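# Examining the three-dimensional arrangement
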Amino acid sequence: MSDRLETISNSGKPPVSRIKDAKSAYEIWETLRRADAVSAFDRSKIDAAYDNERPYDERALINAGQSYRVNVSWGFAKQVLDTALAGYVDIINAPQTFFRCPTLYGSQTERDELEQVVAQEVTAAVRSWRNFFPTYLKLCNSFIKHGVGVSLFNDEWDWRWKSTDMSDFKIPRKTEIGQDNIDVAACLRFYSPTQLYQLIKDEETAQINGFNIQACRKAITSSVNNNNNYYNFRQYDWEKLEMELRNNDLFFTTQAANQQSIRVVHLWVTEFDGKVSHYMINDDNGVQDFLFKRIGRFDNSYEAYTVFTYGVGTNGYYHGVRGQGYDVFAINGALNRAYCSLLEIASFGSAPTFQPKDETALQEMQFIPNGVYNLLSPGIEVIKDTIVPNVSNGTLPIVSAFTQLFRERTSAYNTESLINTSVEKSATQVRAELSNIAKMSVSALNLFFDPWESLMREMIRRMKRKDYDNREPGGKYIVELHKRLLRRGAEGFGAKDRYLQAFFNLDTDRLRVVKPVGAGSEAARMVAFDRLMGIFGSLPDYGKQNLIWDIASETAGYENASRYAIQPGESEKPTMDASIAQLENNSLLAGGQIMVLDGQNDLVHAKVHIEALNPLVDQAQEALQVDPMQLAPMLEGINALNAHVAQHVERLSGDPAMREESALYRKVLQNADEILHNGTLKVQKLMAEQEQQSMLSGMEDANLAQGQQQIDPATLAKIEAQRAERQAKLDMDMQMHQQRMIMRQQDANQKMAIRDAEAASKIQSQGIRI
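Residues numbered from 1 in each chain as written. Predicted model: local features only at pLDDT ≥ 70, side-chain atom pairs only at ≥ 80, totals over all residues. Heavy atoms only, no water.

## Looking at the overall build of the protein
Across its full length, the protein carries 25 helices and 14 strands. Counting only contacts in the protein whose residues sit at least 6 apart along the sequence, the fraction spanning at least 24 positions is 70%. Accessible area of the protein: about 43,000 Å², with a carbon and sulfur share of 51%. (Helix = DSSP H or I, 4+ residues; strand = E, 2+ residues; numbered from the N terminus. Contact = heavy atoms within 4.5 Å. Areas by Shrake-Rupley, 256 points an atom, 1.4 Å probe, with all protein chains shown as cover.)

## Quick word on the sheet that holds strand β2 (residues 148–153)
Pairing is antiparallel in the open sheet, where 3 strands are placed in the order β3-β2-β9. Edge positions in the sheet fall to β3 (161–164) and β9 (305–309), since each has one partner strand and no second. Going from strand to strand, the sheet's axes swing by 20° on average, the running direction of each strand aside. The pairing of β2 with β9 spans 5 bridges and is antiparallel. Bridge pairing in β9 links valine 148 to threonine 309. The strands touched by helix α6 (residues 132–146) within the sheet are β2, β3 and β9, with β3 carrying the most contacts at an inclination of about 30°. (Pairing = 2+ DSSP bridges. Axes fitted to C-alpha atoms, helices over the stretch in contact; angles between N-to-C directions.)

## Regarding the side chain of threonine 309
Along the chain, threonine 309 falls in strand β9. Once residues lying within four places of it in the same chain are set aside, the contact partners of threonine 309 are Phe143, Gly147, Val148, Ile177, Tyr318 and Leu447.

## Here we look at helix α9 (residues 213–223)
Every buried residue of α9 is listed here: Ile213, Ala215, Cys216, Ala219, Ile220 and Ser223. Considering only its buried residues, α9 is in contact with α7 (193–200), α8 (203–209), β6 (262–270) and β7 (276–282). By the N-cap criterion, in which a side-chain oxygen at the helix start approaches the backbone nitrogen of a residue two or three places on, α9 is capped by asparagine 212, the distance to glutamine 214 being 3.3 Å. (Buried < 20%, exposed > 50% of the residue type's maximum accessible area, 1.4 Å probe, protein only. Polar contact = N/O pair within 3.5 Å; in protein donor to acceptor, adjacent residues only side chain to side chain.)

## A closer look at the pattern of salt bridges
All told, the structure shown has 30 salt bridges when counted by the stated rule. For the salt bridge of aspartate 36 with arginine 43, the shortest nitrogen-to-oxygen distance reads 2.6 Å. With respect to class, aspartate 36 is no different from arginine 43; both count as buried. What emerges from the salt-bridge pattern is a single network uniting Glu30, Arg33, Arg34, Arg263 and Asp283. (Salt bridge = Lys/Arg side-chain N within 4 Å of Asp/Glu carboxyl O.)

## A look at the environment of alanine 590
Tracing the chain through its elements places alanine 590 in the loop between α20 (576–589) and α21 (602–626). A C-alpha to C-alpha distance of 5.6 Å links alanine 590 and glycine 637, two positions 47 residues apart in sequence.

## Observations regarding a nonpolar patch on the surface
Side chains of Phe354, Leu362, Met365 and Val382 sit close together on the surface and give an oily, nonpolar patch of about 340 Å² of accessible area. Examined against the element boundaries, phenylalanine 354 turns out to sit in strand β10 (residues 353–356). (Patch = residues over 30% accessible without salt bridge, like charges linked within 9 Å, V, L, I, M, F, W, Y side chains within 5 Å.)

## Some thoughts on the packing of aromatic side chains
To describe a pair of aromatic rings, one takes the distance between the centres and the angle between the planes. This structure, assessed with the given rule, holds 22 aromatic pairs. Between tryptophan 129 and tryptophan 159 the ring centres are 5.6 Å apart and the planes differ by 75°, which places this aromatic pair in the edge-to-face class. With tryptophan 129 in the loop between α5 (108–128) and α6 and tryptophan 159 in the loop between β2 and β3, the pair connects residues that are 30 residues apart, well separated along the chain. Of the two residues, tryptophan 129 and tryptophan 159, neither departs from the other in class, the shared state being buried. Geometry around tyrosine 56 places arginine 69 over its ring, the cationic atom sitting 5.3 Å from the centre. A cation over an aromatic ring shows up here: arginine 465 above the ring of tyrosine 468, its NZ or CZ 4.1 Å from the ring centre. (Phe/Tyr/Trp six-rings, centres within 6.5 Å; stacked < 30°, edge-to-face > 60°. Lys NZ or Arg CZ within 6 Å of the ring centre and 35° of its normal.)

## Points about the nonpolar core
In this structure, Phe169 and Trp452 are the most contacted members of the largest nonpolar core, which totals 75 residues. If one sorts the elements of this core by residue count, helix α4 (residues 76–93) sits on top with 9 residues. (Core = buried A, V, L, I, M, F, W, Y, C linked by side-chain atoms within 4.5 Å.)

## Some details on the environment of aspartate 47
Inspection of the secondary structure puts aspartate 47 in helix α2 (residues 37–50). Look past the residues within four positions of aspartate 47 in its chain and what remains in contact with it is Lys145, His146, Glu239 and Glu242. There is a polar contact of 2.9 Å between the side chain of aspartate 47 and the side chain of histidine 146.

## Here we look at the pairing of strand β11 (residues 367–370)
A regular strand carries its side chains on alternate faces of the sheet. Where β11 lies against strand β12 (residues 373–376), 4 bridges are found, and the strand directions are antiparallel. Each bridged residue has a counterpart across the sheet, and for asparagine 370 the counterpart in β12 is tyrosine 373. Where β11 hands over to β12, the hairpin turn is made up of 2 residues, of which glycine 371 adopts a positive phi near 65°.

## With respect to the packing of α7 against α9
Contact geometry of α7 with α9 gives a least axis separation of 10 Å together with a crossing angle of 165°. Between α7 and α9, the crossing angle belongs to the class labelled roughly antiparallel. Considering the relative orientation of α7 and α9, their crossing is left-handed. Residue-level contacts link Pro193, Leu196, Tyr197 and Ile200 of α7 to Ile213, Cys216, Arg217, Ala219, Ile220 and Ser223 of α9. Here the residues of the contact of α7 with α9 are counted per class, giving 8 nonpolar, 1 polar and 1 charged. (Parallel < 35°, antiparallel > 145°, perpendicular 65-115°, else oblique. Left-handed = near helix turned anticlockwise from the far one by under 90°. Nonpolar A, V, L, I, M, F, W, Y, C, P; charged D, E, K, R; others polar.)

## Brief notes about the side chain of arginine 18
Relative to the assigned elements, arginine 18 resides in the segment before α1 (22–35). A polar contact is formed between the side chain of arginine 18 and the backbone oxygen of threonine 270, at a distance of 3.3 Å. Once you skip the residues sitting within four places of it in the chain, arginine 18 turns out to touch Arg4, Leu5, Glu6, Asp183, Val269, Thr270, Glu271, Phe272 and Tyr279.

## With respect to helix α10 (residues 238–246)
Residues lying three or four places apart along an α-helix face the same way, a consequence of the helix completing one turn every 3.6 residues. Within α10, the full set of buried residues consists of Glu239, Lys240, Glu242 and Glu244. Within two residues after α10, asparagine 248 carries a phi angle of roughly 55°, on the positive side.

## What about the confidence of the model for the protein?
Looking at the protein as a whole, its pLDDT mean stands at 78, while 73% of the residues score no less than 70. The low-confidence segment residues 436–441 (pLDDT under 50) makes 14 contacts with residues lying over four places distant or belonging to another chain. Low pLDDT, under 50, characterises residues 700–709; the predicted model gives this stretch 11 contacts beyond four residues in sequence or across chains. (pLDDT = per-residue confidence, 0-100.)

## Let's talk about the sheet that holds β7
As summarised here, the arrangement of the 5 strands in space is β4-β5-β6-β7-β8, forming an open sheet in which the pairing is antiparallel. The open sheet is flanked by β4 (169–170) and β8 (292–298), the only strands paired with a single partner. Two strands pair when backbone bridges link them, and β7 and β8 are joined in this way by 4 bridges, in the antiparallel orientation. In the sheet register, tyrosine 279 faces β8, and the bridge partner there is lysine 293.

## Topic: unusual backbone geometry
In this structure, asparagine 52 takes a positive phi of about 65° despite not being glycine. Of note, asparagine 52 is situated in the loop between α2 and α3 (58–63). Given the relative accessible area of 35%, asparagine 52 is considered partly exposed. The backbone of lysine 174 shows a phi angle near 60°, a positive value even though the residue is not glycine. Relative to the elements of secondary structure, lysine 174 occurs in the loop between β4 and β5 (184–191). The exposed category is assigned to lysine 174, whose relative accessible area is 73%.

Right, dumping it as structure tokens:
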């Protein structure tokens, strides 16, 4: 292949293009394809396993007189592939936005909000692309099965991409992993006549861009005779043959109902200046001209394609990478044969056995029903003791061992090895095993995120082009995106085009994809939520809001999560209970008494009341240090509000799910009561001193004469009595809570001891020594 690439001259001057002509391009493609023939054959066998190929050759069984043999594929490989795909589907379905990307528009204080809105709308635009989900699934399918998947862009403008695999995408052998190491890449793609015509419909523009109008027309007219269609694969295109078998297209439908297709080969070659040239040729040995030629079309290979690799294999080369198919192929075949044998044993071993005495008895053998009896013709002997293999001691242990081995080999793709077990395990054991499985599955998924991020950067870089037109490919999605961003900007304050300008000024070099909690692994997500819920009470308010939102999104989907939780960054919508609680605050602060009624939302009421109580407590704390007599008009309101909130908190404490919130509210109430107690004592002391001074001087204190407010001593005594009663009740509730915790701990210890005793008795009864 290297002989067909142009190199520098003797004077050291590099060539304009490393590919001289279309014939050289075809020979490069043919060399790459032939060199991949053995690898293609191995991949076709793996594809056959996923397509539920039967474990035995059906014709060989018939020729051997064994057509009665059980010959079934049980679908183990397909099952583990579907399970693994669920994690990759979760990558695009679980998060509300695909990415986070800083913008260079606006001030620092408003950029967070701009970036969030832009990410939401751009993600919605990508999801609205109707081919996005099947294209993404095809990419993930190739990545999981064979360890290598490829995404391709049609040109340097369209943000949409295609997905393919190593069956059509060819690179030189012994290419080290790292996309910058790929100097030459070629890919076979199939165009319908209408698709290829759309590329040259505007002949003047197409010719300027690099299309050979006459060569494209010739390819379109030739496809009418099916001389360059999908079926015309060569003898080394094993994966195409497997695809034909899977689609049942090798019999009646052969060349009868095939779509007219044009086999077009794309070639990307890195030139000596670092840019990537793009060529298109007809996959025909008689090719004379390029369908398309553009030297230095892309600044780098990532603008043309992105290669997804499952790690670096065992030797660091692209062709040494293996996927899930390599891990499950052999065990899948062994399990298929083992289960077929088990079914044969069950079928033949349970059937009655008859032994004719001679050939005449065999020929005249009859089975005659006679009322409640069945009669056999003479000369037939019934064998009572049929020899049946000991399945439980011979076959089943081997099948169980292979099944467990299959689960372990695929534990990076699912949690079946943990779930399918008959051994009882404690919660601690389950968490530990789930954590180990989470690490393996996340490590597999993380290999996907790096190229996915590169692809997302290139998509957004193309999407934010300002001159997108509705008539060009993918343009209608971008025009609709611009309209939505302008509508969002018109809803609030500020420039109406602020979101659109923020979109145009996205810094795509710093784009980061958003990983869902657990990075797509269900096991890792369960571990993460379990650990976060353990520290829920210690999280700040925004952390609690994020955690509740993530759990609601995981449970009901992010589209429905707003029905149960508040989206991070948004304020809580006021409810009827919140409005009533705000009205109650005015009455309570005036010293009134309001009863707590059944049916009220205690959490909402407590939150609204404490929001009004906190600033009063801060104000009282400041007044206590500066001028305690300023507390006099505040004491009744604080006492009434505190007493009312205490009733709501007491009812909250009875809900096990509200223990964290009620504990935090109790601390606020205790702090308010402490301020109330200290303030009452201080005011009582000052009032006593003023009264004593006035009696000695025979006249009122000068300060009192100036209108300083006083409070009735009886009211102070009442406030202190109510505060003491609340404190005593809180102390009693705390003691009861501690007693309940001690009783629960004792009950748990007792149950654990009973389980240990039962396990020891079971082991002793089975005669097992420890």
